[in-house]
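Listed below are the residues making up each chain.
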2 protein chains.
Amino acid sequence: MFVTELESALDGRKFPADELQTTHKDRPLWVRYDLEKIASAVTKDDLLNRPADIWRWRELLPVPKNARIITLNERTTRLIKTESLQKQIGHKNIWIKDESTLPTGSFKSRGMSMAITMAAHFGVKRIALPTAGNAGGAAAAYAQQADIKCLVFMPEDTPAANQYETISYGASAFLVNGLIDDCSKIVGLAKEKLNCFDLSTLKEPYRIEGKKTMGLELAQQFDWKLPDVILYPTGGGTGLIGMWKAFKELRELGWLKSDIMPRMVAVQSDGCCPIVNAFKNGERFAKPFQNAKTIAWGIRVPAAIGDFMILDALKESNGTAVAVDEEMIDDWTVMTSEKTGLSICPETAACVGALENLKNQNWIHADDRVLIFNTASGQKYKDTVKVELPKININKEINWEIIEASL
Amino acid sequence: MFVTELESALDGRKFPADELQTTHKDRPLWVRYDLEKIASAVTKDDLLNRPADIWRWRELLPVPKNARIITLNERTTRLIKTESLQKQIGHKNIWIKDESTLPTGSFKSRGMSMAITMAAHFGVKRIALPTAGNAGGAAAAYAQQADIKCLVFMPEDTPAANQYETISYGASAFLVNGLIDDCSKIVGLAKEKLNCFDLSTLKEPYRIEGKKTMGLELAQQFDWKLPDVILYPTGGGTGLIGMWKAFKELRELGWLKSDIMPRMVAVQSDGCCPIVNAFKNGERFAKPFQNAKTIAWGIRVPAAIGDFMILDALKESNGTAVAVDEEMIDDWTVMTSEKTGLSICPETAACVGALENLKNQNWIHADDRVLIFNTASGQKYKDTVKVELPKININKEINWEIIEASL
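If you're wondering where the values come from, they're calculated on a predicted model, not measured in any experiment. (Residues numbered from 1 in each chain as written. Chains lettered and ligands numbered in written order. Predicted model: local features only at pLDDT ≥ 70, side-chain atom pairs only at ≥ 80, totals over all residues. Heavy atoms only, no water.)

**Student:** What am I meant to see in the environment of Phe308(B) here?
**Tutor:** Looking at where Phe308(B) falls in the secondary structure, it is placed in helix 11 (residues 307–316). In contact with Phe308(B), not counting residues within four places along its chain, are Ala9(B), Leu10(B), Arg27(B), Pro28(B), Arg284(B) and Phe285(B). (Helix = DSSP H or I, 4+ residues; strand = E, 2+ residues; numbered from the N terminus. Contact = heavy atoms within 4.5 Å.)

Right, here's the structure in full:
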């Protein structure tokens, strides 16, 4: 265990790492490591000789040696490059890191595995969180493994697949006739009324560390020369923040072969783009977005407590923030699924749209190596999409011309 | 390429392997290999030094050297053992091979990757198939990669997720106001009217070879000492047939460390159990099952053209066939999801039920190592399950006692 302390992202105040921590002034904490000690204890080759999962990065993770790891087998996700998508976009170097094959079908398992491992280690018996998407299912599945009771509050328009998975993994789940903020408020009450630990995004220090493994995997998969541009669908932003932390730690460890860092791009929908607005206005804190609306549930986050951490990362990395046309997300989803053969989620589709925009604006150059995440399995979103297939009546003559025309 | 010829499973008649083949007397063909030549060309260690996907078994697969492989990255699936499921069942050695993380979220990708690689190699431009579940999405995704037009016919009660994925991968899909047999008849017509190649289960020789990789992976994952019992949800039966073929080929190659072969168990629902009925009556061919009904779509197959191949494998392996209570499948699904943290499909749940039955009957013994497949992601079935979560009204006082009682 190489953790030295926790540190307020807001004002740098230090907190001990050997007890349960939440936030400081309602803002997130960083986990800090003794990177010199890590560098002298292991080499990156040591780590790569271990099984290909998030736990191979153990020295860069906060889990104490004696802690029981709560895992559902979070294997290194594959990196995919498809000619047909590249042709469609007119850009040569597009990689997709497909997070849809992680446990519970989304990248949420990275953060939840870490957060719940740490919560269990510190003796937490009950957790609560708000969710409008994949976080609830992931929390429920890991809590189940850790024998922790899990309480989930969801807006009533949360997709049925997400509702179902929370209870199928044994959580207690409730629908709320309000938005995600209303659910957050109820979680705040549950903390006191029912002695629940608050597992909301960035309200405990360890989900960032789990998401950091996306950055660590990328570094290895790109042979320690990081991609030039990373497009990230940004709701709470844990992944973007976590990856940027990973890259800085790897640079400090001396493990990167090139000093060129990726330009980080926060992608949102114009139906909910608080980070994009703040970035444009040069502000460090984002104003809550009113009447947030997007079919990409994962980025329907009107106010993120890590807003300044996201905006800092964009600035430090010479990145940017892009709001794409909400009306186009459906089309991009279908197009990208077709061109890649992957089960693409709408958040990923938004990033494909942002890539098109940034290419047209020449912000992305012809030789830039671009990375997109497929953050969750598109299969989980099916009930948000209307499907109406043409019908064949077996009691009538089949019209083969229509069928042939469809090919 | 070590393929010598194709061989009728019905009467042993030989067919050349270097041209497109379908069936013989409407019954399937085996792919035959020169196993001696394979044994002298490679060792199993050679194969294991390759990337962990279905293509590491190349010498045991039918794909010619010069063929373009149509792949979406079919990685070796994980083997999972969870204490809490074992406790629940009261059996020590239960492994689940989780196929849900394969491309398009089901084991169908194994067979389709192989079938479409071969179809493309032989110049096929159009394929057609009937499906009530995961096969359509898998066929569509691989056909897209191969630039093959894909025509899919589905009963109108096919789950929306399956409908959606076929079109999201660019297939032409049609709903039919009938059962899967009606869809099959239309495929038969499409063959002639539209010059489509028939990709229905077992109507071409290569889906078996793709499914064979389940058996090859198992052998390696169990250190070449095969599990004692394999419970397999049996619809068309391609996987059961393919695994049994894999085990026999491995034995002939001399790669197995133990000669004890698994007892193969065909699991069906009592709402559709033609194979179970035939097995009980000692028949080699199954009578079509009338009024087939089960929520486990993958095993709602009233008549399988490989029936005799399934029944032969059960007999040769000292296996059996079990019909479980249709009414219980929902409960087993929830229980197994809870106990494993996996996204369990109803076909898998049926196998868990069968395991309970066979343990109670002492057909499965205390020290038997039992293997179950999770054949597809449970996320794809969500619209077949009714979810009704309790509601919280933010305009009224929250009843914390009810919430606490739910924990």
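The discussion continues.
**Student:** Help me understand the sheet that holds strand 12 (residues 320–324) of chain A, please; the structure alone is not making it clear to me.
**Tutor:** Across a sheet, paired strands are connected by hydrogen bonds in the backbone, their directions being either parallel or antiparallel. All names here are of chain A. If you walk across this open sheet you meet the six strands as 4-5-13-10-11-12, and the pairing is mixed. Either end of the sheet is taken by a strand with one partner, and the two such strands are strand 4 (79–80) and strand 12. One ladder, built from three bridges, connects strand 10 (residues 229–233) with strand 13 (residues 370–374); its direction is parallel. Note on strand 13: the bridge partner recorded for Leu231 is Ile372. Lying over the sheet, helix 13 (residues 346–360) contacts strand 5 (94–98), strand 10, strand 11 (263–269), strand 12 and strand 13, oriented at roughly 110° with respect to strand 12. (Pairing = 2+ DSSP bridges. Axes fitted to C-alpha atoms, helices over the stretch in contact; angles between N-to-C directions.)

**Student:** What exactly am I supposed to notice about the pairing of strand 5 (residues 94–98) of chain B here?
**Tutor:** Two faces belong to every sheet, and in a regular strand the side chains alternate between them. All names here are of chain B. Counting buried positions along strand 5 yields five of five residues, so the element is predominantly enclosed. As judged from the two bridges shared by strand 4 (residues 79–80) and strand 5, these two strands associate in the antiparallel manner. Its bridge partner being in strand 5, Leu79 is matched across the sheet by Lys97. (Buried < 20%, exposed > 50% of the residue type's maximum accessible area, 1.4 Å probe, protein only.)

**Student:** Any chance you could explain the nonpolar core here in plain terms?
**Tutor:** Nonpolar side chains in soluble globular proteins tend to end up buried together. Residue and element names in this part refer to chain B. Residues Met243, Phe247 and Leu314 are the most contacted members of the largest nonpolar core, which totals 67 residues. At eight residues, the largest contribution of residues to this core is made by helix 9 (residues 238–253). Setting aside anything within four residues of it in sequence, one finds Phe247 in contact with Gly215, Leu218, Leu226, Ile230, Leu256, Met261, Pro262 and Met264. (Core = buried A, V, L, I, M, F, W, Y, C linked by side-chain atoms within 4.5 Å.)

**Student:** Quick question: what am I supposed to make of the environment of Leu79(B) here?
**Tutor:** Considering the arrangement of structural elements, one finds Leu79(B) in strand 4. Sequence spacing of Leu79(B) and Thr238(B) is 159 residues, and the spatial spacing of their C-alpha atoms is 21 Å.

**Student:** What is the right way to look at the sheet that holds strand 13 (residues 370–374) of chain B in this model?
**Tutor:** All names here are of chain B. Strand order in this open sheet of six strands is 4-5-13-10-11-12, and the pairing throughout is mixed. The sheet is open, and its two borders are formed by strand 4 and strand 12 (320–324), each paired with just one other strand. Sheet analysis places strand 11 (residues 263–269) next to strand 12, joined by five bridges and oriented parallel. Bridge pairing in strand 12 links Ala266 to Ala321.

**Student:** What am I meant to see in the side chain of Arg78(A) here?
**Tutor:** Looking at the secondary structure, you find Arg78(A) in the loop between helix 2 (44–48) and strand 4. Take Arg78(A): its relative accessible area is 7%, and that puts it in the buried class. Separated by 2.6 Å, the side chain of Arg78(A) and the backbone oxygen of Leu72(B) make a polar contact. For Arg78(A), the side chain forms a polar contact with the main-chain oxygen of Asn73(B), separated by 3.2 Å. Apart from residues no more than four positions distant in its own chain, Arg78(A) is found in contact with Ile96(A), Lys97(A), Asp98(A), Thr101(A), Gln221(A), Leu342(A), Leu72(B), Asn73(B), Arg75(B) and Pro103(B). (Polar contact = N/O pair within 3.5 Å; in protein donor to acceptor, adjacent residues only side chain to side chain.)

**Student:** Sorry if this is basic, but what is going on with the packing of aromatic side chains here?
**Tutor:** A ring pair, where both rings are aromatic, is described by two values, the distance of the centres and the angle of the planes. Applying the stated criterion to the full structure yields 16 aromatic pairs over all chains. Centroid distance Phe107(B) to Tyr232(B): 6.4 Å. Interplanar angle 50°. Geometry classified as tilted. With Phe107(B) in the loop between strand 5 and helix 4 (108–121) and Tyr232(B) in strand 10 (residues 229–233), this pair connects stretches of sequence that are 125 residues apart. In this structure, Phe107(B) and Tyr232(B) share a single accessibility class: buried. Every member of this aromatic cluster is reached through a ring pair, and the members are Trp57(A), Trp224(A) and Trp255(A). Positioned above the aromatic ring of Phe107(A) is the side chain of Lys211(A), whose terminal nitrogen or guanidinium carbon lies 4.0 Å from the ring centre. (Phe/Tyr/Trp six-rings, centres within 6.5 Å; stacked < 30°, edge-to-face > 60°. Lys NZ or Arg CZ within 6 Å of the ring centre and 35° of its normal.)

**Student:** Explain the relation of the copies chain B and chain A to me, please; I cannot follow it from the model alone.
**Tutor:** Mapping between the two chain copies consists of a rotation about an axis together with a translation along that axis. With an RMSD of 0.0 Å, the operation that places chain B on chain A is a rotation of 180° combined with a shift of 0.1 Å along the axis. Classification of the inter-copy transformation places it as that of a two-fold axis. Measuring from the rotation axis to each C-alpha of chain B, the shortest distance belongs to Thr101(B), at 2.4 Å. When the interface residues of chain B are mapped onto chain A, 99% of them are again interface residues, pointing to one common binding face. (Least-squares fit on C-alpha atoms with pLDDT ≥ 70 in both.)

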